[in-house]
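Each chain, written out:
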Amino acid sequence: MISEIAWTVIYLACLLLVGCASIQWLTYQPSRLEAFGLALCLGPCLMGGWLILWSFLGFTPSRFLILSLSALAVVSMVFRHARGSRLSDREATTHSSNQLWAALPIAAFAFGLCFVVHDALLVPTVDWDAFATWQLKAKVLFYFPLVPRPAYFSNVALSYSHLRYPILVPMISTGSMAMMSTDASGLAKSPAVILYAGLAAALFAFVRRIRGIQIASIVTALFVSLPMLVESAGVGGAEMTLVALYGSSLICLLRWLQRQRPGDLVLAALFSAAMMWTKNEGIPLAIINGLMIVLFTPRPLSSRNLSLAAGFAAILACLYLPWAFYTRTLPRTDEDYLSHLSAAAIMTNLPSAPRILARFFFEMIALRHCAIFWVILAAIQFINWKTLRDRRVLMIWATLLLQIGAVALAYMVVTLWKRDDLIGVSVDRMVLHLSPAAALLIALQWPEAKPVT
Amino acid sequence: MTTSEALNSAKGIALGFAVALCIGISVYATLNDRFGNDRRPRELKLYGGLDTLFSQIRQEQTPIFLKFGKLSGKDIGFASTVYFRSVFDMFPVPVLVGDPSDPIFFVEDILRINLDHGDDWLAGRHVGIALSVRLSNGKLLMTPRRVPAPVLETPQGPGLSGHTNSP
């Protein structure tokens, strides 16, 4: 057991190293904490991608593969450091800097982290989705490379595990199994801990930079203590990963809007592609992110912007096509929304739309999952309606509404499930996926404190 | 203090109260979910028991067949719980509940194909252990049975030799 814990710690350190090395190369980082947070979210994706690449080449994940990428990361960091790091804390904010505010998100984060660590490290995988789908796939990838194709992917008796679901989250867990040399440990869920920490750090640092420490503290504390997030982060499913990647991609898009640095766009594209490899719900999220680049940059039809948007789309396509190609012949015995999505099916099921949207609304005000997080967003929007003129606020609202529309469409064309049953078991997660966007909206619109004179 | 300043102060107090309320509800909801009911201890106990059993069976490296007793009402959920958990625990050793070519997505799919099969059918699919699973007074009872090795027919005559699925 001690060696398993030690190998898990080494694996988490490898994920961090890979993330830090990559983030240094990709774009200018205005704050160390923001870079650290984004690195924590990016590291697991890159490690998962590296292991998937080797799995396509016929090799199962191993310590050698993991440590070799980590060694490359170390070399890259040394080289980058020698050239002069772009990490900087010099971009000072003009906002109030009462550091005591930081105690609030730290306390909320510590509270949430206790439960995430408990679920991820101390108990077996007991979440239904986690062991029936994600951690089962992790075991498949631990024993068999993707080429030649394992029998699992054609075994219709295992259709309940969603044979064609993307494999980034399982592969990140498989990396942990490979380091421990066993598939029998609940520690394979451990990467969730750094994703939770990464998103918290990135959100706090980003909002602190644009709105000051007071608003950053409030928003981060609200977000990291969300019951649904704390409940689902460490259980071994894909929710934490998708939420962390989506939050990171939105932060990168907002940075792009602010500074127009191509590096931010590359980072947003990487996070978006990773979302597509995480869950099917990540596909519309990634496409919506691409749309936002076209619609909300200052000069949308300039040749520079169009070429950057095309570059974003190309990164998504290049990174996702291998999985689309790999799964094209797999049995479609589970719910397959995309193939049912037609104008006729949508028109037929249009009367169900109000009911679906109502279920979304009631989930957003469900105290046991979301507390009054969404109510606060509505209140802030009501108080500060003039902020809708802000391009950044409009962009996040657009992503939020488009994503709700995309999920509603999927619910409308459902065939295998009874619609109400499916909504009942999944709408809480759909709302959770949207929560980083809501957190950023609250951050962008929170009223500035005006001192009373 | 002007009206506008008073309004700003009121807004600040209301927002501060909303933040405190939101974090308070979040903390309460999380603690209540963890400690306010016995769902988690029950889950841990159930899955712990299943994990122990299936990890022992896994050492035999032989495919197993699960046969569920009569389940009805809310109890049918046990079939998917036991099947999904056994597949997770036993992987890569196969677990069967019916013909492997039948798709399983919902618990009803399991119960529809989960028929009584003779030893020849089981042995033909290399099943070494058949596990009878039933509920009795809310308790999950599982009875394993070894499937006899199939009788091989040789040119000299039937029944002279056979093979076992166990390693």
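What counts, and at which threshold
For every chain, the first residue of its written sequence is number 1, and the numbers climb from 1 along that sequence. By the order in which they are written, chains take letters starting at A while ligands take numbers starting at 1. Restriction of local features to residues with pLDDT of at least 70 applies here, the model being predicted, together with a cutoff of 80 or more for giving and counting side-chain atom pairs; totals for whole chains, interfaces and linings are based on all residues. The basis for every side-chain value is the complete set of non-hydrogen atoms in the structure, without hydrogens or water. Segments assigned H or I by DSSP are reported as helices when at least four residues long, segments assigned E as strands when at least two residues long, and all are numbered from the N terminus. The buried label goes to any residue with under 20% of its type's maximum accessible area, the exposed label to any with over 50%, and the partly exposed label to all in between, with areas taken from a 1.4 Å probe on protein chains only. Residue contacts are counted whenever heavy atoms from the two residues lie within 4.5 Å of one another. In this charge count, Lys and Arg are treated as positive and Asp and Glu as negative; neither His nor the chain ends contribute. One atom stands in for each charge, and that atom is NZ of Lys, CZ of Arg, CG of Asp or CD of Glu. Only strands that DSSP links by at least two bridges are regarded as paired with each other. For a crossover, the right-handed case is the one in which the path from the first strand over the helix to the second runs clockwise, viewed with the strands pointing away from the viewer. Here a patch means residues that are over 30% exposed by relative accessible area and free of salt bridges, tied together within 9 Å if like-charged and within 5 Å if nonpolar (Val, Leu, Ile, Met, Phe, Trp, Tyr). All accessible-area figures derive from a Shrake-Rupley calculation using a 1.4 Å probe, and residue coverage is judged against the displayed protein chains alone. Here, a salt bridge means any side-chain nitrogen of Lys or Arg that lies within 4 Å of a carboxyl oxygen of Asp or Glu. Note: pLDDT gives the predictor's confidence per residue, expressed from 0 to 100. Pairs of N or O atoms are called polar contacts if they sit within 3.5 Å, as long as, within protein, a hydrogen donor faces a hydrogen acceptor (for residues adjacent in sequence, only side-chain-to-side-chain pairs). How far a helix is expected to stretch is found by multiplying one less than its residue total by 1.5 Å. By definition, the arc is the one covered by directions from the helix axis to the C-beta atoms. Both cavities and pockets are sets of points on a 1 Å grid over the protein atoms alone; in a cavity a 1.4 Å probe fits but cannot get out, in a pocket the set is open with protein on both sides within 12 Å along at least five of seven lines, and lining residues sit with an atom within 4 Å of a point. Grid points are joined across faces, edges and corners, and a volume is the space filled by probe spheres set on the points. To define a nonpolar core, start from buried Ala, Val, Leu, Ile, Met, Phe, Trp, Tyr and Cys residues and group those joined through side-chain atoms within 4.5 Å. When two rings of Phe, Tyr or Trp (its six-membered ring) have centres within 6.5 Å they constitute a pair, described as stacked for plane angles under 30 degrees, edge-to-face for angles over 60, and tilted for the intermediate range. What counts as buried area is the accessible surface, traced by a 1.4 Å probe, that two parts surrender upon association, with contributions from both included. Three categories are distinguished: nonpolar for Ala, Val, Leu, Ile, Met, Phe, Trp, Tyr, Cys and Pro, charged for Asp, Glu, Lys and Arg, and polar for the others, with Gly belonging to the last. Orientation is described by axes fitted as lines to C-alpha atoms, over the contacting stretch for helices, and by angles from 0 to 180 degrees between their N-to-C directions.

**Some points on the overall build of chain A**
So, step 1. Counting its secondary structure elements, chain A contains 20 helices and zero strands.
So, step 2. Scored against the burial criterion, the 453 residues of chain A give a buried share of 60%.
So, step 3. Expressed as a percentage of contacts within chain A between residues at least 6 apart in sequence, the contacts between residues at least 24 apart total 83%.
So, step 4. Positive and negative side-chain charges of chain A, numbering 33 and 21 respectively, have mean locations separated by a distance of 10 Å.

**Some words on the pairing of strand E1 (residues 64–68) of chain B**
Residue and element names in this part refer to chain B.
So, step 1. With respect to burial, E1 is a largely interior element, four of its five residues being buried.
So, step 2. Where E1 meets strand E2 (residues 95–96), two bridges bridge the pair, whose relative direction is parallel. Within E2, the position partnered with isoleucine 64 by the bridge is valine 95.
So, step 3. Once you follow E1 into helix H3 (residues 77–90) and on to E2, the crossover reads as right-handed.
So, step 4. Across five bridges, E1 lies against strand E3 (residues 129–136) in parallel orientation. When the bridges of E3 are listed, lysine 67 appears paired with serine 132.

**Quick notes on a nonpolar patch on the surface**
So, step 1. Taken together, the side chains of A:Leu291, A:Val294, A:Leu295 and A:Leu402 define a hydrophobic patch exposed on the protein surface, amounting to about 310 Å² of accessible area.
So, step 2. Examining the composition of the nonpolar patch, we find that three residues originate from one element, helix H12 (residues 282–296) of chain A, more than from any other.

**Details of the pattern of salt bridges**
Side-chain pairing between opposite charges can occur once the charged atoms of the two side chains come close.
So, step 1. With the rule as written, the count across this model stands at 24 salt bridges over all chains.
So, step 2. Where A:Glu34 meets A:Arg255, a salt bridge forms, and the shortest distance between an N and an O atom there is 2.7 Å. Residue A:Glu34 is found in helix H2 (residues 32–56), and its partner A:Arg255 is found in helix H10 (residues 239–259); the two are separated by 221 residues along the sequence. Across this residue pair, the class does not change: A:Glu34 and A:Arg255 are buried.
So, step 3. Between A:Asp390 and A:Arg392 there is a salt bridge, with its nearest N and O atoms 2.9 Å apart.
So, step 4. Judged by relative accessible area, A:Asp390 falls into the partly exposed class, the value being 22%.
So, step 5. With relative accessibility at 26%, the residue A:Arg392 sits in the partly exposed group.
So, step 6. The network of salt bridges with common partners includes A:Asp119, A:Glu231, B:Asp33, B:Arg34, B:Arg39, B:Arg40 and B:Glu43.

**Description of the confidence of the model for chain B**
Residues and elements named next belong to chain B.
So, step 1. A residue-level look at chain B finds 89% of positions with pLDDT of 70 or above and a mean pLDDT of 85.
So, step 2. Throughout residues 157–167 the model reports pLDDT below 50, and contacts reaching past four residues in sequence, or to other chains, amount to 23 contacts.
So, step 3. The ipTM, which scores confidence in the relative placement of chains, is 0.90 for this predicted complex, and the corresponding pTM is 0.92.

**What about the side chain of B:Thr81?**
So, step 1. Within the element layout of this structure, B:Thr81 appears in helix H3.
So, step 2. At 3.0 Å, the side chain of B:Thr81 and the backbone oxygen of B:Gly77 are in polar contact.
So, step 3. Ignoring any residue separated from it by four or fewer positions in sequence, one finds B:Thr81 in contact with A:Trp128, B:Leu46 and B:Tyr47.

**A word on helix H16 (residues 353–364) of chain A**
All names here are of chain A.
So, step 1. Counted at 1.5 Å a residue, the expected span for H16 with its twelve residues is 16 Å, and the 17 Å between its end C-alpha atoms agrees.
So, step 2. Here H16 has its buried residues at Ala353, Ile356, Phe360, Glu363 and Met364. Projection of H16 onto a plane perpendicular to its axis shows the buried side chains occupying an angular sector of 105°, all on one side. Pointing more than 90 degrees away from the buried face of H16 are the exposed residues Pro354, Arg355 and Phe362.

**Describing empty space enclosed by the protein**
All names here are of chain A.
So, step 1. Within the structure shown, the criterion is met by four cavities of 30 Å³ or more.
So, step 2. Volume-wise, the largest cavity comes out at about 110 Å³.
So, step 3. As for the largest cavity, its lining consists of 14 residues, and the residues nearest its centre are Val169, Lys189, Ala192, Gly237 and Thr241.
So, step 4. Of all the secondary-structure elements, those providing two or more residues to the lining of the largest cavity are helix H6 (168–180), helix H7 (191–211) and H10.

**Comments concerning the nonpolar core**
So, step 1. With 186 residues, the main nonpolar core has A:Phe360, B:Leu66 and B:Tyr83 as its most contacted residues.
So, step 2. It is helix H20 (residues 419–445) of chain A that contributes the most residues to this core, 15 residues altogether.
So, step 3. The residues contacting A:Phe360, other than those within four sequence positions of it, are A:Ile404, A:Val407, A:Tyr411, A:Val427, A:Met430, A:Val431 and A:Leu434.
So, step 4. Membership of the second largest hydrophobic core comes to eight residues, among which are B:Leu96, B:Leu122, B:Ala130 and B:Val147.

**Describing the packing of aromatic side chains**
Within a pair of aromatic rings, the relevant descriptors are the distance that separates the centres and the angle that separates the planes.
Residue and element names in this part refer to chain A.
So, step 1. Enumeration over the complete set of coordinates arrives at 31 aromatic pairs over all chains.
So, step 2. Ring plane angle 80° and centroid distance 5.4 Å describe the contact between phenylalanine 56 and tyrosine 326, whose orientation is recorded as edge-to-face. With phenylalanine 56 in helix H2 and tyrosine 326 in helix H13 (residues 303–327), the pair connects residues that are 270 residues apart, well separated along the chain.
So, step 3. Given the relative accessible area of 9%, tyrosine 326 is considered buried.
So, step 4. Between phenylalanine 109 and tyrosine 196, the aromatic rings sit 5.4 Å apart at their centres with planes inclined by 15°, giving stacked as the arrangement.

**Thoughts on the interface of chain B and chain A**
So, step 1. The interface of chain B with chain A comprises 43 residues on the first partner and 52 residues on the second.
So, step 2. Summing both sides of the interface, chain B and chain A together bury roughly 4000 Å²; the carbon and sulfur share of this comes to 73%.
So, step 3. For the pair chain B and chain A, the interface holds four salt bridges.
So, step 4. Among the salt bridges present, the one from A:Glu231 reaches B:Arg40, with a minimum N-O distance of 2.5 Å.
So, step 5. The interface formed by chain B and chain A contains eleven residue pairs in polar contact (both at pLDDT 80 or more).
So, step 6. Elements represented by at least two residues in the side of chain B that touches chain A include exactly helix H1 (3–35), helix H2 (39–58) and H3 of chain B.
So, step 7. In terms of residues, the side of chain B that touches chain A owes the most to one element, H1(B), which gives 19 residues.
So, step 8. A breakdown of the residues in the side of chain B that touches chain A according to their chemical character gives 25 nonpolar, seven polar and eleven charged.

**Some points on the sheet that holds E3(B)**
Residue and element names in this part refer to chain B.
So, step 1. In spatial order, the strands read E2-E1-E3-E4; together these four strands make up an open sheet with mixed pairing. This sheet does not close on itself; its edge strands, each paired only once, are E2 and strand E4 (139–146).
So, step 2. Each of E1, E3 and E4 is contacted by H2, which is oriented at about 5° to E4, the strand it contacts most.
So, step 3. H3 contacts E1, E2, E3 and E4 of the sheet and is inclined by roughly 170° relative to E1.

**Here's the deal with the pairing of E4(B)**
Residue and element names in this part refer to chain B.
So, step 1. The pairing of E3 with E4 spans eight bridges and is classified as antiparallel. Residue pairing for E4: valine 133 is matched across the bridge by methionine 142.
So, step 2. Adjacent in sequence and paired antiparallel, E3 and E4 are bridged by two residues, among which asparagine 137 carries a positive phi angle near 50°.

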